[in-house]
Amino acid sequence: MAKAVQVDTGDSVATLIEDARAGDTVDGVTLTADIPRGHKVALRAIRAGEPVTKFGFPIGVARKAIVPGEHVHSGNLATGLGGTLDYRYELAPAAVLPHASLASFQGYVRADGRVGTRNEIWVLPTVGCVARTAERIAQASARALGSQIDGVHAFAHPHGCSQLGHDLDGTRSILASLACHPNASGVLIIGLGCEENQIAALIAEVPEWRRPAIRTLIAQASADEVEEGCALVAELAEQATCERTTVGLERLVLGVKCGGSDGLSGLTANPLVGRVSDRVNAAGGRVIATEIPELFGAERMLMRRAADQHVFDRLVELVNGFKQYFIDHGEPVSDNPSPGNVAGGITTLEEKSLGAVQKAGHAQVADVISYGAQAARDGLTILEAPGNDAVSSTALAAAGATAILFTTGRGTPMGFPVPTVKIASNSDLARRKPGWIDFDAGAVLDVGMDATADALVARLCAISSGAATAAERNGEREIAIWKRGVTL
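Since we're looking at a predicted model, the values are computed, not measured.

Strand direction decides the pairing type here: strand E12 (residues 120–125) and strand E13 (residues 151–154), joined by four bridges, are parallel. Within the sheet, the bridge partner assigned to Glu-120 lies in E13 and is Gly-151. Considered for its hand, the β-α-β crossover made up of E12, helix H1 (residues 131–145) and E13 is right-handed.

Turning to the sheet that holds strand E11 (residues 115–116), a few remarks are in order. The strand order across the open sheet built from three strands is E11-E10-E16, with neighbouring strands paired in antiparallel fashion. Both edges of this open sheet fall to E11 and strand E16 (244–248), since each of them pairs with a single strand only.

If you walk through the whole model with that rule in mind, you get two cavities of 30 Å³ or more. There is about 80 Å³ of room inside the largest cavity. Around the largest cavity, the lining residues are Val-256, Ala-289, Thr-290, Glu-291, Glu-294, Leu-295, Leu-302, Ala-356, Val-357, Lys-359, Ala-360 and Ile-382. The class makeup of the residues in the lining of the largest cavity is eight nonpolar, one polar and three charged.

Attention now moves to the environment of Gln-239. Position of Gln-239 relative to the elements: it lies in the loop between helix H4 (225–238) and E16. Under the relative-accessibility criterion, Gln-239 is labelled partly exposed at 41%. In this structure the C-alpha to C-alpha distance between Gln-239 and Gly-186, which are 53 residues apart in sequence, comes to 8.3 Å. Ignoring any residue separated from it by four or fewer positions in sequence, one finds Gln-239 in contact with Pro-212, Ala-213 and Arg-215.

The next point concerns the nonpolar core. Within the largest apolar cluster, 108 residues are counted, with the highest numbers of intra-cluster contacts made by Leu-254, Leu-302, Leu-380, Ile-382, Leu-405 and Ile-423. It is helix H7 (residues 309–328) that contributes the most residues to this core, eight residues altogether. The contact partners of Leu-405, leaving out residues within four places of it in the chain, are Leu-254, Gly-255, Val-256, Lys-257, Val-273, Val-276, Val-421, Ile-423, Leu-456 and Leu-460. Residues Leu-145, Val-152, Leu-188 and Cys-230 belong to the second largest nonpolar core, which totals 23 residues.

This brings us to the sheet that holds strand E5 (residues 40–42). Across the sheet, which stays open at both edges, the four strands sit in the order E1-E2-E5-E8 with antiparallel pairing between neighbours. Looking at strand neighbours, the two that pair on one side only are strand E1 (4–5) and strand E8 (71–72), the edges of this open sheet. Taken together, the two bridges between E1 and strand E2 (residues 13–16) define a ladder with antiparallel strand orientation. What sits directly across from Ala-4, in E2, is Leu-16.

So, on to the side chain of Arg-279. Looking at the element boundaries, Arg-279 is found in helix H5 (residues 269–283). A relative accessible area of 15% places Arg-279 in the buried class. Only 2.7 Å separates the side chain of Arg-279 from the side chain of Asp-454, close enough to count as a polar contact. For Arg-279, the contacting residues outside a window of four places in its chain are Pro-98, Leu-249, Asp-450, Ala-453, Asp-454 and Val-457.

Each value, and the rule that gives it
- Residues numbered from 1 in each chain as written.
- Predicted model: local features only at pLDDT ≥ 70, side-chain atom pairs only at ≥ 80, totals over all residues.
- Heavy atoms only, no water.
- Pairing = 2+ DSSP bridges.
- Helix = DSSP H or I, 4+ residues; strand = E, 2+ residues; numbered from the N terminus.
- Right-handed = clockwise from strand over helix to strand, strands pointing away.
- 1 Å grid on protein atoms, 1.4 Å probe; cavity = no way out; pocket = protein on both sides within 12 Å on 5 of 7 lines; lining within 4 Å.
- Points joined across faces, edges and corners; volume = space filled by probe spheres on them.
- Nonpolar A, V, L, I, M, F, W, Y, C, P; charged D, E, K, R; others polar.
- Buried < 20%, exposed > 50% of the residue type's maximum accessible area, 1.4 Å probe, protein only.
- Contact = heavy atoms within 4.5 Å.
- Core = buried A, V, L, I, M, F, W, Y, C linked by side-chain atoms within 4.5 Å.
- Polar contact = N/O pair within 3.5 Å; in protein donor to acceptor, adjacent residues only side chain to side chain.

Quick look at the structure:
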């Protein structure tokens, strides 16, 4: 008998949790072909044009008749997604969240009351022309300062010039929000001098209370920009003295993200992260979720949890606006999953979305914010950003996430400005790539969801207290900015 999971008792498919061969049985159904781990098998006859269900919801429609035991994939399953939709405001009953966790971590309590998980100095270039200069300043400063602080990091990007209007505003907003992050005790902003993204305009978006922790440098006006930059970083380090203090989960701002998902992501890693999200929310903390195009087909699950009509309207506007963004560029809204997702067993965007949305847990949606904005309310916030791993993870950091739980079924070495905990959806990936993966969610299939959630909370608290992630050990720290407009 092959091992498989039927998520909802009414589902017409089950997901294999191990490779299976033709002739094996699943719930009394005999497989008609070899089916890889993470892929789907039909549990009953499905007529052509009939919805195929997983997670208790349609994940598409059958392209043709499907017999019991047949492999369900892109050859016989098509998306049911189209363009923008009309939605009606109707609230779901409030979910019962777990009791507040007594878990704690050792964080850096800032003067404004926020808590950082790192005590670093960040070097932010206004424009790609001085991106490498920023890196040189950070590297030289890190050598000079040693263990005086947790690290000095530059975040290079190619933008900041030849941009106009809303596109330039987005670059400026994301950098201004990063400059306010509690993981950075101080920030050096370095500009070239002649770029569109002028330092003065960027600083104008930084609140007054944060400006004493920021230094600026214009390379064209400096005799030796690296030497001057290092001196400014040293000045920031002098005022960066801060000791770790024991705080509860209510002081954590948690970003949730998935990348390179497979057919097990929606069964193990994503619902596991959802359990942790619920624990953080129950404690009074903040959780930020994004990847708006990967809500398509599952958006109603969040809309029914909107705190009020205004939040519902903002979420509708965000989802339909993203769909229109695709349509305006002549692209179908369903042009997802990626080749890696398909190879891992995900067939349609609806299937991907229904698995991905589970990272947000069950809490009420307290707020919806724009790209580059910072989360301001306790509870669950939905953030405007695309599904791209680097762009959306950067947006999560800019929104104030002090740690990110990042699930993956395929693996990636990437790391971002804040500690990014890589969670494998399957134990095979965790075994093969220990240099990338921080936690094995495949344990859910062996020891259960609650015990695995306990272990993940413990790992998250250790990392938030200073333990290095795999990406940090590998020196993987980067940002990516969402480029939406014309380039001059």
